[in-house]
Amino acid sequence: MNVFASLVERLADLLQPLFATTATAAAIVLFTVLVRLAVHPLSRAAARGQKARTRLAPQLAALRKKHAKNPERLQKAIMELHAKEKVSPLAGCLPSLLQAPAFFLMYHLFSSGRMSGHSLFAAPLGDHYADALADGGVLGPAGLVYLVLFAIVGAVATYTYLRARRQPMTVPVEPGQPGAGVAAGMARFLPLLSFATLISVAVVPLAAALYIVTSTTWTAVERAFLYRDMPGAAGLVTPA
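Residues numbered from 1 in each chain as written. Predicted model: local features only at pLDDT ≥ 70, side-chain atom pairs only at ≥ 80, totals over all residues. Heavy atoms only, no water.

### Comments concerning the nonpolar core
Of all hydrophobic cores here, the largest spans 39 residues; its most connected members are Phe31, Met106, Leu125, Val201 and Leu206. Breaking this core down by element, the ones donating at least two residues are helix H1 (2–19), helix H2 (23–55), helix H5 (94–111), helix H6 (129–134), helix H7 (141–166) and helix H10 (206–226). Here this core takes 8 residues from H10, the largest share from any one element. Excluding its chain neighbours within four sequence positions, the residues that come into contact with valine 201 are Tyr146, Leu149, Phe150, Val153, Ala209, Ile212 and Val213. Of all hydrophobic cores here, the second largest spans 7 residues; its members include Leu63, Leu74, Ile78 and Leu81. (Core = buried A, V, L, I, M, F, W, Y, C linked by side-chain atoms within 4.5 Å. Buried < 20%, exposed > 50% of the residue type's maximum accessible area, 1.4 Å probe, protein only. Helix = DSSP H or I, 4+ residues; strand = E, 2+ residues; numbered from the N terminus. Contact = heavy atoms within 4.5 Å.)

Here it is, written out as C-alpha cells:
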C-alpha cells in the first residue's frame with residue numbers, strides 16, 4: 001500500500017503544473033491507463049482466442065453431437081482441439097483478473113483516508129455519491145462531478161450494449177443440447193451488465209470510480225479496435 005500510495009503521489013507531483021488541484025485525480029486516470037497498457041498484450045491474446053473459438057464453433061458442434069452421450073470423452077476432445085489450435089479457454093479472463101488488484105488498491109487507499117484532502121474539482125476523492133447528495137444535492141458542485149461520470153459511463157454502457165445485441169452469442173449452442181436454455185438466457189442477460197458500472201460508480205469512493213470510468217472507457221475503445229472485423233463482438237465483455 002505504501003508503494004502504491006507513493007506511486008500515485010509522484011504521478012500527482014509530475015502533473016501538478018498542468019492540473020493544479022486536480023493533479024491527484026489526473027494521476028489516477030494516468031495510472032489506470034498505464035495498467036491497461038500493461039495488460040494490453042493479454043487483451044490482444046484474448047481477442048485472438050475469441051476469434052479462434054468462433055472459427056472452431058462448427059468443429060465444437062460436431063464434437064458435441066458425436067460425444068453427446070459421453071461427457072468425459074467430449075470434454076477430452078474439446079481440450080485436445082483447443083490444444084491443437086493453441087486456444088486457451090481462460091485467455092479472455094486474464095486481463096480482468098490482472099486489473100482487479102489495482103482496483104482494490106485504489107479503493108482501499110482512498111477509503112482508508114490515507115490520501116484525504118485531494119479532490120476532483122468540488123468532489124473529494126475519498127467521498128461517495130451519497131456524500132455529494134448530502135452536500136448540495138444532485139446539482140450541487142460535487143453532484144455535478146458525478147453527473148458527468150454517470151453520463152460517460154451511460155454512454156459507454158449503451159454503446160457496449162448495442163454492440164453486444166448485434167451478436168448475442170459468439171459460439172452458438174444448438175437447441176436441445178444440455179445447457180442450451182441457460183446459454184441463451186445468459187446471452188440475453190450479459191449485455192445488460194454493462195449498466196452495472198453505474199451502480200459501482202455510485203457506491204465506491206470517487207477515486208475508485210475514476211479508475212472504473214477510465215478502465216471501462218478504455219475497454220470499449222480497445223475492444224472496438226481488436227474486434228473490428230467481428231461486428232458486435234466488442235460488446236461481449238463484462239464491466240471493467
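### Details of the packing of aromatic side chains
With the rule as written, the count across this model stands at 4 aromatic pairs. Ring centres of tyrosine 129 and phenylalanine 150 lie 5.0 Å apart, and the angle between their planes is 90 degrees; on these two criteria the pair is classed as edge-to-face. Of the two residues, tyrosine 129 sits in helix H6 while phenylalanine 150 sits in helix H7, which places them 21 residues apart along the sequence. The pair tyrosine 129 / phenylalanine 150 is uniform in exposure class, with both members buried. Aromatic pair tyrosine 146 and phenylalanine 150: ring centres 6.2 Å apart, planes at 40 degrees, arrangement tilted. Note that tyrosine 146 and phenylalanine 150 are positioned in helix H7 at a spacing of 4 residues, about one turn of the helix. The buried category is assigned to tyrosine 146, whose relative accessible area is 1%. Note on phenylalanine 150: relative accessible area 16%, which makes it buried. (Phe/Tyr/Trp six-rings, centres within 6.5 Å; stacked < 30°, edge-to-face > 60°.)

### Some remarks on unusual backbone geometry
Of note, alanine 20 is a non-glycine position whose phi angle comes to about 50 degrees, a positive value. Counting through the fold element by element, alanine 20 comes out in the loop between H1 and H2. Alanine 20 gets classed as partly exposed once you look at its relative accessible area, which sits at 39%. In the Ramachandran plot, phenylalanine 121 falls in the positive-phi region, its phi being about 55 degrees despite a non-glycine side chain. Secondary-structure assignment places phenylalanine 121 in the loop between strand E1 (119–120) and strand E2 (123–124).

### Considering the confidence of the model for the protein chain
Averaged over the protein chain, the pLDDT score is 79; the fraction of residues at 70 or greater is 78%. Note on residues 168–184: pLDDT under 50 across the span, and 20 contacts to partners over four residues away in sequence or across chains. The model gives residues 232–239 a pLDDT under 50, and that stretch makes 26 contacts with residues more than four places away or in other chains. (pLDDT = per-residue confidence, 0-100.)

### Looking at H10
Its 21 residues give H10 an end-to-end C-alpha distance of 30 Å, which sits within 8% of 30 Å, the value for a rise of 1.5 Å per residue. Among the 21 residues in H10, 16 count as buried, and that is most of the element. (Expected span 1.5 Å × (residues − 1).)

### Here we look at the pattern of salt bridges
If you walk through the whole model with that rule in mind, you get 1 salt bridge. Measuring nitrogen to oxygen at the nearest pair gives 3.2 Å for the salt bridge that ties glutamate 222 to arginine 36. A residue pair is termed long-range when its members are at least 10 positions apart, and glutamate 222 in helix H10 and arginine 36 in helix H2 qualify at 186 residues. For glutamate 222, a relative accessible area of 7% puts it in the buried group. Judged by its relative accessible area of 2%, arginine 36 falls in the buried class. (Salt bridge = Lys/Arg side-chain N within 4 Å of Asp/Glu carboxyl O.)

### A look at the side chain of threonine 216
Looking at the element boundaries, threonine 216 is found in helix H10. Among the residues examined, threonine 216 registers a relative accessible area of 11% and is labelled buried. Among the polar contacts listed, one links the side chain of threonine 216 to the backbone oxygen of isoleucine 212, at a separation of 2.7 Å. (Polar contact = N/O pair within 3.5 Å; in protein donor to acceptor, adjacent residues only side chain to side chain.)

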